[in-house]
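# Commentary on secondary and tertiary structure
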Amino acid sequence: MIGIDLSFIRGRFVIDNTYLHYDPELEKLKDCIVESARIQPNWEKDIPLQWLAVEREISNFKSQNVKVLEIEELRKHLETCEVNTSTLQNLTGVLEHFHLKGYIIFFSGSEKLKNYVFIDPQWIVNAFKQLITIPCGKRRFESETIRNQWALVNEEGKLTPDFAKEIFRLNGDKQLIIHEACVLNSLEELNLIATMSSVWIVPSLLKRQIYTSLVNDYFDGSSPSIEKSCAYCLKFREAFVPDPILDKVVAACLSNWSQVHHFQGKPILYRGLVCLKVTTDCNLMLYCKDNLIQAMLFRNHPTSHKSFGEVGDHVRLFLHDCIDEIFRTSHQESMKPIVYIQCQIMEPEDSMPVLADEIFQHDTGYCCRNRTLTPHPLTHDSLRHWWKKVQLSSANS
């Protein structure tokens, strides 16, 4: 199916709306939109008639400007309406259906949020925007403490509970103040912010930094005090992965490994580039840019008897699980990365990695083929940085 990739439209359609006659490009666009709609999960799916009664009641709540409901409150209300017992018993499934339609937001798999239904998706999206986009100027804040916290989020991407509360208060929406905890938990659930001790990190507000200009020389040197793995690379077929998706990967990693590693006294915490302490003696460098996610493990105090394998296997599986979840919640399940290995982290435009499957099958692959007269060999020993067990199989095992 040309131009369709399961959950979103790709391809280019050059259209001139001043064209007076038949425009074949416009017809192609129409066909593409229809075909894209047909592969959505709810297209032509039969639903029980009773579910329409639930939809009607939710619509009534919307018209009453209700933003958030506890699920038990909704259930009790539906018991007084034309909703039968079987529908009430399957209320979670009904709400998941309307969530997929975008009619409500319902986090059925979240321990913190499974008891709440967000009736107005646009309301919570607007609430998110107040915290994960450029905040308003600090002149608006009367308190010096809050002005300092504004500087913290603006310059370092660190969001404090007090600053979030003040932003919501200034908004003037009473429901936003009442449901502040639900909104913040939703930001965490969607990996839009990451929890770190007393603050949240907002990846979308972190400053950008280029890996090669920051720490590349540190790893390129021949210092015997540093032991590093090869780079584990997840590359997408698409030439570009949106920054918000990569921000979510960073947030998921920050929430899982909350201790940021420092170089020369400064934390490596930038947009798309973070360094995290994953064990007492092992650190993870993560670099997300364009269509490439690269990870590297390193130790400052090498131990020849200790392999990266167990730690690498854990990190590798975590990355795959969080990426699958991020694309699932973004309704872009078709975006599957391909696994590569290369000698080190590089800028995407310089990267020439080897398919992990090639090394699995043939024991040896060569990266940087076109960058040097002596390409770097990568073998099963290289794979053991990221897989506990390496056999002649595939990178998916």
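Residues numbered from 1 in each chain as written. Predicted model: local features only at pLDDT ≥ 70, side-chain atom pairs only at ≥ 80, totals over all residues. Heavy atoms only, no water.

## A look at the overall build of the chain
- Regarding its fold elements, the chain presents 16 helices and 17 strands.
- Taken over 397 residues, the chain has a buried fraction of 47%.
- Taking contacts inside the chain between residues at least 6 apart in sequence as the whole, the part at least 24 apart equals 64%.
- Entry remark: accessible area of the chain is about 21,000 Å², with carbon and sulfur atoms responsible for 51%. (Helix = DSSP H or I, 4+ residues; strand = E, 2+ residues; numbered from the N terminus. Buried < 20%, exposed > 50% of the residue type's maximum accessible area, 1.4 Å probe, protein only. Contact = heavy atoms within 4.5 Å. Areas by Shrake-Rupley, 256 points an atom, 1.4 Å probe, with all protein chains shown as cover.)

## Section: unusual backbone geometry
- For asparagine 65, which is not glycine, the phi dihedral falls at a positive 65°.
- Here asparagine 65 is to be found in the loop between helix 2 (49-63) and strand 1 (68-70).
- By relative accessible area, which is 45% here, asparagine 65 ends up partly exposed.
- Not every positive phi belongs to a glycine, and asparagine 191 is a case in point at roughly 55°.
- Relative to the assigned elements, asparagine 191 resides in the loop between helix 10 (180-189) and strand 4 (194-196).

## Quick word on the environment of glutamine 209
- Its location among the elements puts glutamine 209 in the loop between strand 5 (199-201) and helix 11 (211-214).
- For the pair glutamine 209 and leucine 273, spaced 64 residues apart in sequence, the C-alpha separation works out to 7.1 Å.
- In contact with glutamine 209, not counting residues within four places along its chain, are Leu214, Tyr270, Leu273 and Tyr287.
- For glutamine 209, the side chain forms a polar contact with the side chain of serine 213, separated by 3.2 Å. (Polar contact = N/O pair within 3.5 Å; in protein donor to acceptor, adjacent residues only side chain to side chain.)

## Let's talk about the sheet that holds strand 3 (residues 158-159)
- Strand order in the open sheet formed by 3 strands is 3-5-4, with antiparallel pairing between adjacent strands. Unpaired on one side and paired on the other, strand 3 and strand 4 mark the two borders of the sheet.
- The pairing of strand 4 with strand 5 spans 3 bridges and is antiparallel. Counterpart to threonine 195 in the pairing with strand 5 is tryptophan 200.
- Contacts between helix 13 (residues 243-256) and the sheet are confined to strand 4 and strand 5, with strand 4 contributing the most and set at about 30° to the helix. (Pairing = 2+ DSSP bridges. Axes fitted to C-alpha atoms, helices over the stretch in contact; angles between N-to-C directions.)

## Brief notes about the environment of leucine 176
- When you line up the elements, leucine 176 lands in helix 9 (residues 174-178).
- Residue leucine 176 is classed as buried on the basis of its relative accessible area, which comes to 2%.
- When the C-alpha positions of leucine 176 and lysine 67 are compared, they lie 8.7 Å apart, and in sequence the two are 109 residues distant.
- Leucine 176 has contacts with Trp123, Ala127, Gln130, Phe168, Asn171 and Val183, leaving out every residue within four places of it along the chain.

## Focus: the nonpolar core
- Ranked by internal contacts, the top residues of the largest apolar core, which has 55 residues, are Leu254, Leu286, Ile293, Leu297, Ile341, Trp386 and Trp387.
- With 31 residues, the next largest nonpolar core counts Ile146, Val153, Phe168 and Cys182 among its residues. (Core = buried A, V, L, I, M, F, W, Y, C linked by side-chain atoms within 4.5 Å.)

## Some words on the packing of helix 7 (residues 144-156) against helix 8 (residues 161-171)
- Contact geometry of helix 7 with helix 8 gives a least axis separation of 9 Å together with a crossing angle of 105°. Considering the angle they form, helix 7 stands roughly perpendicular to helix 8. Residue-level contacts link Ile146, Gln149, Trp150 and Val153 of helix 7 to Asp162, Phe163 and Glu166 of helix 8. (Parallel < 35°, antiparallel > 145°, perpendicular 65-115°, else oblique.)

Everything listed here is a matter of coordinates, which is why it stays silent on function.
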